[in-house]
Every structure is written in C-alpha cells, then in structure tokens.
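Survey of secondary and tertiary structure
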Amino acid sequence: MRVIVDANIVFSAIVNSNGKIGDILINSGKILKFIAPDFLRSEIYKHYPRLTLISGMSIEQVREAEFQICRDIKFISEEQIKQSEWIAAEKLVVDVDPNDIHYVAYAKHFRCKIRSGDKALIKGLAKKGFTDFVSTDILYAMHTEKNEKG
C-alpha cells in the first residue's frame, strides 16, 4: 500500500521515533510504501531548532532520527505531478488549507491515501467528498500483521 506522509507525521516520528508513527515509518518497508513531496526535506531542516526544543534531543540526535524516519520515504519532486492534479487539489484545499495542496495533489496522482494528523484538513476535505486519508491505527494494524506473519 502506498501512503503520502505529511510534515506533521514526519515531525511527530522524529520527535518520538519509538512511538507508533516512528515504528511504522522505520519498520514497514515491505508492506507500506511512503511517498512525500521533495520540499519536505527542507521543511525538516528548517524546523531543526523547534524539533530539538520539543524533543529535548541534540541536533545530532534529531539528524539521526530524521535519517531513520526518512530512510524508506520516497521523496518525489513536484514537477513529476501532472498539472491536472495540481488544479484539482487546489480546488479542494483553497478554503481549507492551501498549504496542504501538495499532499492532495500527490494522493490524486499516485491514487493513494494520505497519513496526516491535521484534523481540520481531514474534516474540511471530507465535507467536499475527499476522504483519501488513512489513520495511524490502520497502518499500525497492517504493520503488526506483517510482523506477526514474518
């Protein structure tokens, strides 16, 4: 299953790589394929000071957590997404959260779901009929089932 991961999910996993989200991103490579917009790399870098403050980790520890979390995420440049997907995504997010256009465009392009912790985005897009989101609990159940089967 392919899943688009957004910034807040990656940030959460970096801050708590031993939690469910971190475990899923680090250890689910065989069953779950994670995709993210290329700009997410620079977003992580830009937020290093905040991530160190929130986590209590050193910058080196944050970088190591980032490496572990992002190791199996496939970062894809925005140019690879069809213009029609950007237009459709813009119509959906324009009055919900325009900053999340990337995630919706990628989900449409790759025909997959988004893992986001942004409840306002999820609720706002659901009102417009866009429900391509997946919860951490569902991903964790898939991850756990994979590990039990070996």
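Here, the structure is the one placed above.
Rules used throughout
- Numbering of residues starts from 1 in each chain and follows the order in which that chain's sequence is written.
- Whole-chain, interface and lining totals are the exception, using all residues; otherwise, since this is a predicted model, local features are given only for residues with pLDDT of at least 70 and side-chain atom pairs are given and counted only at 80 or more.
- Hydrogens and waters are ignored; side-chain quantities use all the structure's heavy atoms.
- Whether two strands pair comes down to DSSP finding at least two bridges between them.
- Secondary structure elements are taken from DSSP: a helix is a run of H or I of four residues or more, a strand is a run of E of two residues or more, and numbering for both begins at the N terminus.
- Only the stretch in contact is used when a helix axis is fitted, and all axes are lines through C-alpha atoms; the angle between N-to-C directions ranges over 0 to 180 degrees.
- Here, nonpolar core refers to any group of buried Ala, Val, Leu, Ile, Met, Phe, Trp, Tyr and Cys residues whose side-chain atoms link them within 4.5 Å.
- Type-normalised accessible area, obtained with a 1.4 Å probe on protein chains alone, sets the label of each residue: buried when under 20%, exposed when over 50%, and partly exposed for intermediate values.
- For this analysis, residues touch if any pair of their heavy atoms sits within 4.5 Å.
- By definition here, a salt bridge exists when the distance from a side-chain nitrogen of Lys or Arg to a carboxyl oxygen of Asp or Glu is within 4 Å.

**Brief notes about the sheet that holds strand β1 (residues 2-5)**
Here four strands make up an open sheet; going across it, the order is β3-β2-β1-β4 and the pairing parallel. Of all the strands in the sheet, just β3 (73-76) and β4 (113-115) have a single pairing partner and so form its edges. Strand after strand, the sheet turns through a mean of 35 degrees between neighbouring axes, direction not considered. Inspection of the sheet shows strand β2 (residues 33-37) paired to β3 by four bridges, in the parallel sense. Across the sheet, residue isoleucine 35 finds its bridge partner in β3, namely lysine 74.

**So, the nonpolar core**
Core analysis: the largest hydrophobic core is formed by 47 residues, its most contacted members being Ile4, Val10, Ile44 and Ile73. Of the residues forming this core, the biggest block, seven residues, is contributed by helix α7 (residues 101-110). Beyond its immediate sequence surroundings of up to four residues, isoleucine 44 is in contact with Val10, Phe11, Ile14, Leu51, Glu66 and Cys70.

**Description of the pattern of salt bridges**
Per the stated rule, a full pass over the model turns up four salt bridges. With its nearest N and O atoms 3.3 Å apart, the salt bridge here joins aspartate 38 to arginine 41. Taking the shortest distance from any N to any O, the salt bridge between glutamate 43 and lysine 46 comes out at 3.0 Å. Here glutamate 43 and its partner lysine 46 are both found in helix α3 (residues 39-46), three residues apart, which amounts to about one turn of the helix.

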